[in-house]
Amino acid sequence: MRQLSLADDCISDLVLDELAAGELAPESMARVQAHLTTCERCASRRNTFQREREAFLAAAPSFDAHAVLVGRKLQRRHWPAARAWWLGAALAACAVVALLGPQLQPPTRSKGGPHVDFFVKHAQRVERGTLGQSVQPGDLLRFTYSTDAPRYLALLDRDARGASTFYPASTQAVRVAQGANVALAFSVELDTSLGPERIYAVFCSEAFVVEPLRAALANTDSLPAPPGCQIDVITLNKEPSR
Amino acid sequence: MTLSREHFDELYRRHAPGAFRRARRLLGSDADAHEVVHDVFLSLWERPGQFAANSSMSTFLYAAVTHACLNRIRNHNTRTRLSLQHFKQAPTLSVAPIAQPDQTSVLRSALEQLPHELAQVAVYYYFDELTHRDIASILGCSHRHVGALLKRIEHWVNAEEREPCVS
């Protein structure tokens, strides 16, 4: 087994990172700087790291910007609070069902196949979402899914500004297990675009790449189900904040 | 350790780019690497006490990113299991990440199978090309212990090679 492409006296990535972060002791820094003046390869690596650093910070100059980059509209930073509000609403919904019986559940869509439900948090009020739900910029949405078999899932959004992917953050749809009312571990903060908004939950039996679907939705304003897939659509109406 | 928002933002600017570079190299995916970086910094914000001030933030983040990446590699549903015998045949790694996807994917697959402690050391040694001293500073152990762990990796790999390949 072999390790190293670096010569013994070359500077490791860790030390280059410590140098960039200003963490080296003065004597170490002097030794490293001296080496960098004589070793073309280490100097080149340092320059490469610096270019990559600048590119990264240009794309994500702050943690909050990076959060948007990672999850687009995902607000994982606020997840503990989001979980609390959503769990409260879910428990309340369960309590209503237990007390009143299943025939008196809050009105929802007629569903046979795999589908998603959602909860809306507006200010401190949380309610279960319904078709055509009125929402406002800044409201938070949380989703649950139900499927009778493992499937691959992605959530896409179409509003006045275009099409975007709510879930997942990665390029491939996520395989979800069989289950009912399973919470997806993210919340969405609605942006300021107003008017009708549609959220497409795409359930497929095989793995799929999300981006072509998002592009199709952006270009055609519709999303027919690909072969082997089923789509559940949530409609919202985003109104100005009151 | 207490962490003001200003201090946290400064740590992000200093260290997130390097954390992303390593995660990207380990995982072979920009999207996964971004998620790892986000998770690591979110964890640091929520639990700043996990950073022991007797090490540098860089060494702390090397360990945190490595741990997160190894978990992700091991939990990846679509991973392809490759025989560990390829581990020995892996060519010397270049500094450039993603440049040799075949090499890094072979190593990545090997990391799924190594015991966690050894996998960490393998990351530092084969991916990061760190010295024994660097690895010792990250793990908080002696150089001698690092050498022993590397010996265990060799023994483990050799033992695996004697076993028939099971898919």
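Scroll up to find the structure this text is about.
A short tour of the structure in this document, coming up. (Residues numbered from 1 in each chain as written. Chains lettered and ligands numbered in written order. Predicted model: local features only at pLDDT ≥ 70, side-chain atom pairs only at ≥ 80, totals over all residues. Heavy atoms only, no water.)

### Brief notes about the interface of chain B and chain A
Inference 1: Taken together, the contact pairs 45 residues of chain B with 35 residues of chain A.
Inference 2: Both sides of the chain B and chain A interface together cover about 3800 Å² of buried area, and 56% of this is carbon and sulfur.
Inference 3: If you look at where chain B meets chain A, you find 3 salt bridges.
Inference 4: The salt bridge partner of Arg5(B) is Asp64(A), with a shortest N-O separation of 3.1 Å.
Inference 5: Summed over the shared surface of chain B and chain A, the result is 15 residue pairs in polar contact (both at pLDDT 80 or more).
Inference 6: Looking at the side of chain B that touches chain A, the elements that each hand over two or more residues are α1 (5–27), α2 (30–46), α3 (57–75), α4 (85–89), α6 (116–127), α7 (132–139) and α8 (143–162) of chain B.
Inference 7: Among the elements that line the side of chain B that touches chain A, the one with the most residues is α1(B), at 12 residues. (Contact = heavy atoms within 4.5 Å. Buried area = accessible area lost by both parts, 1.4 Å probe. Salt bridge = Lys/Arg side-chain N within 4 Å of Asp/Glu carboxyl O. Polar contact = N/O pair within 3.5 Å; in protein donor to acceptor, adjacent residues only side chain to side chain. Helix = DSSP H or I, 4+ residues; strand = E, 2+ residues; numbered from the N terminus.)

### A short note on the packing of aromatic side chains
Inference 1: The tally for this structure, following the rule as stated, stands at 11 aromatic pairs over all chains.
Inference 2: Ring geometry for Phe56(A) against Phe20(B): centres 5.3 Å apart, planes inclined by 40 degrees, an arrangement best described as tilted. Of this pair, Phe56(A) sits in helix α3 (residues 40–59) while Phe20(B) sits in helix α1, each in a different chain.
Inference 3: Given a relative accessible area of 6%, Phe56(A) falls into the buried group. (Phe/Tyr/Trp six-rings, centres within 6.5 Å; stacked < 30°, edge-to-face > 60°. Buried < 20%, exposed > 50% of the residue type's maximum accessible area, 1.4 Å probe, protein only.)

### Description of α3(A)
All names here are of chain A.
Inference 1: The end-to-end C-alpha distance of α3, which contains 20 residues, comes to 29 Å, matching closely the 28 Å that a straight helix rising 1.5 Å per residue would cover.
Inference 2: Where α3 is concerned, the buried positions are Cys 42, Ala 43, Arg 45, Phe 49, Arg 53 and Phe 56. The buried residues of α3 occupy an angular sector of 155 degrees when the element is viewed end-on, so they sit on one face. Turned more than 90 degrees off the buried face of α3, the exposed positions are Glu 40, Arg 51 and Ala 58. (Expected span 1.5 Å × (residues − 1). Arc of directions from axis to C-beta.)

### Considering the pattern of salt bridges
All names here are of chain B.
Inference 1: Overall, the coordinates contain 19 salt bridges over all chains when judged by the stated rule.
Inference 2: Two residues, Arg 24 and Asp 30, come together in a salt bridge whose shortest N-O distance is 2.7 Å.
Inference 3: Relative accessible area serves as the criterion here: at 41%, Asp 30 is assigned to the partly exposed category.
Inference 4: Asp 39 is the salt-bridge partner of Arg 72, the closest N and O atoms lying 4.0 Å from each other. With Arg 72 in helix α3 and Asp 39 in helix α2, the pair connects residues that are 33 residues apart, well separated along the chain.
Inference 5: Since its relative accessible area comes to 21%, Arg 72 is described here as partly exposed.
Inference 6: The class of Asp 39 is partly exposed, set by a relative accessible area of 26%.

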